[in-house]
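Working through the structure, step by step
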Amino acid sequence: MGKTTNLADLDTYVFIDVSNIRSAALRSCQIKLDFIKLIAYFQEKYMNLKSVRYYEGIAKYDKERLEQFKEYEKSGYEICSLARKTYIDPAVYRTFICKNIKCKTPNRIRVLAPSTKMKSNVDVYIATELLEIAHSAKKPTHIILLACDGDYAEMIRSAVKNKNVHVTVIATPPTKINNALSARLKQLRNTIPNYQLTNIMSFKDKIS
């Protein structure tokens, strides 16, 4: 693709790491994403929009989120969900020895309470489907990824090995406080072709 290529004219596929970009936008930019407005933005901007894929984990009995997914599907999203698995981090204890010469009994104190975390590995899901499209592209194709996670860097390197593919990452801007944008995604701009990094704040009024 030459320098005059208009990305808005290409076949376009959008991949959204929902938990990642939603958390980053709120933490780094103090904006709450409106996903109905977000897909409307893509539908208006890209005339050859092929799919907008919404990746998010969901708890087994989260009926409210399932209903939300149905509304998003009506708006045009392709919902790609994974079940969230529960992980329990055990309590953390430390042992202290009393400094009093007469007291040599060790004291075991809990410094962190046990906690329950839920996780779904949507990044692997995204990488698998994104690369399937990238490697099979026979004509100029634009792939958009909404995420700040540097773990996607190698996936992007692989995607642009197909010279027909241009990748845009939409992410939050780097900030001194609560910086969510990975340095690895920034560094890609200087090392690979057909890649650009876009600041989500540049169109925040249309999606928040």
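Going by the structure above, here's the rest.
My aim in this report is to walk through the structure given alongside it, one point at a time.

Conventions used here
- Residues numbered from 1 in each chain as written.
- Predicted model: local features only at pLDDT ≥ 70, side-chain atom pairs only at ≥ 80, totals over all residues.
- Heavy atoms only, no water.
- Helix = DSSP H or I, 4+ residues; strand = E, 2+ residues; numbered from the N terminus.
- Buried < 20%, exposed > 50% of the residue type's maximum accessible area, 1.4 Å probe, protein only.
- Contact = heavy atoms within 4.5 Å.
- Areas by Shrake-Rupley, 256 points an atom, 1.4 Å probe, with all protein chains shown as cover.
- Expected span 1.5 Å × (residues − 1).
- Polar contact = N/O pair within 3.5 Å; in protein donor to acceptor, adjacent residues only side chain to side chain.
- Core = buried A, V, L, I, M, F, W, Y, C linked by side-chain atoms within 4.5 Å.
- Salt bridge = Lys/Arg side-chain N within 4 Å of Asp/Glu carboxyl O.

1. Considering the overall build of the protein chain
Within the protein chain, the regular secondary structure consists of 6 helices and 10 strands. The buried share of the protein chain, taken over its 208 residues, is 39%. Considering only residue pairs separated by 6 or more positions, the protein chain has 75% of its internal contacts joining residues 24 or more positions apart. On the protein chain, roughly 12600 Å² of surface is accessible, and the fraction owed to carbon and sulfur atoms is 50%.

2. Considerations on unusual backbone geometry
Here Gln30, not a glycine, exhibits a phi torsion of approximately 60 degrees, which is positive. Although it is not a glycine, Asn194 adopts a positive phi angle of roughly 55 degrees. Structurally, Asn194 can be placed in the loop between α6 (183–187) and β10 (195–199).

3. Some remarks on helix α4 (residues 122–136)
Over its 15 residues, α4 extends 22 Å from the first C-alpha to the last, a length consistent with the 21 Å expected when each residue adds 1.5 Å. Listing the buried residues of α4 in full gives Val122, Ile126, Ala127, Glu129, Leu130, Ile133 and Ala134. Those residues of α4 hidden inside the fold are in contact with β1 (11–17), β2 (49–58), β3 (77–83), β8 (141–146), α5 (153–159) and β9 (165–171).

4. Notes on the side chain of His142
Summarising the element assignment, His142 is placed in strand β8. Look at His142 and you get buried, because its relative accessible area is 1%. Not counting residues up to four positions away in its chain, the partners in contact with His142 are Leu7, Leu10, Asp11, Thr12, Tyr13, Tyr46, His166 and Thr168.

5. Some points on the side chain of Asn162
Tracing the backbone shows Asn162 in the loop between α5 and β9. By relative accessible area, which is 15% here, Asn162 ends up buried. In terms of polar contacts, Asn162 uses its side chain to reach the backbone amide nitrogen of Asn164, at 2.9 Å. Ignoring anything within four residues of it in the chain, the contact list for Asn162 reads Ala134, His135 and Ala137.

6. Considerations on the nonpolar core
Among soluble globular proteins, nonpolar side chains are generally buried collectively. In this structure, Ile16, Tyr77 and Ile156 are the most contacted members of the largest nonpolar core, which totals 60 residues. When residues of this core are assigned to their parent elements, the largest contribution, 6 residues, is made by α4. Ignoring anything within four residues of it in the chain, the contact list for Ile16 reads Ile21, Phe35, Leu38, Val52, Arg53, Tyr54, Tyr55, Tyr77, Ile126 and Leu146.

7. Re the pattern of salt bridges
Should their charged atoms come close, side chains of opposite charge can pair. Considering all chains together, one arrives at 10 salt bridges under this definition. As a salt-bridge pair, Lys50 and Asp11 come within 3.9 Å of each other at their nearest N and O atoms. Placement of the pair is Lys50 in strand β2 and Asp11 in strand β1, with a sequence separation of 39 residues. Accessibility expressed as a relative area gives 13% for Asp11, which makes it buried. Across the salt bridge formed by Arg53 and Glu78, the nearest N and O atoms sit 3.7 Å from each other. Of this pair, Arg53 sits in strand β2 while Glu78 sits in strand β3; the two residues are 25 residues apart in sequence, bridging distant segments of the chain. A residue is classified by how much of its surface remains accessible, and Arg53, at 13% relative accessible area, is buried. Taking relative accessible area as the criterion, Glu78 reaches 35% and is therefore assigned partly exposed.

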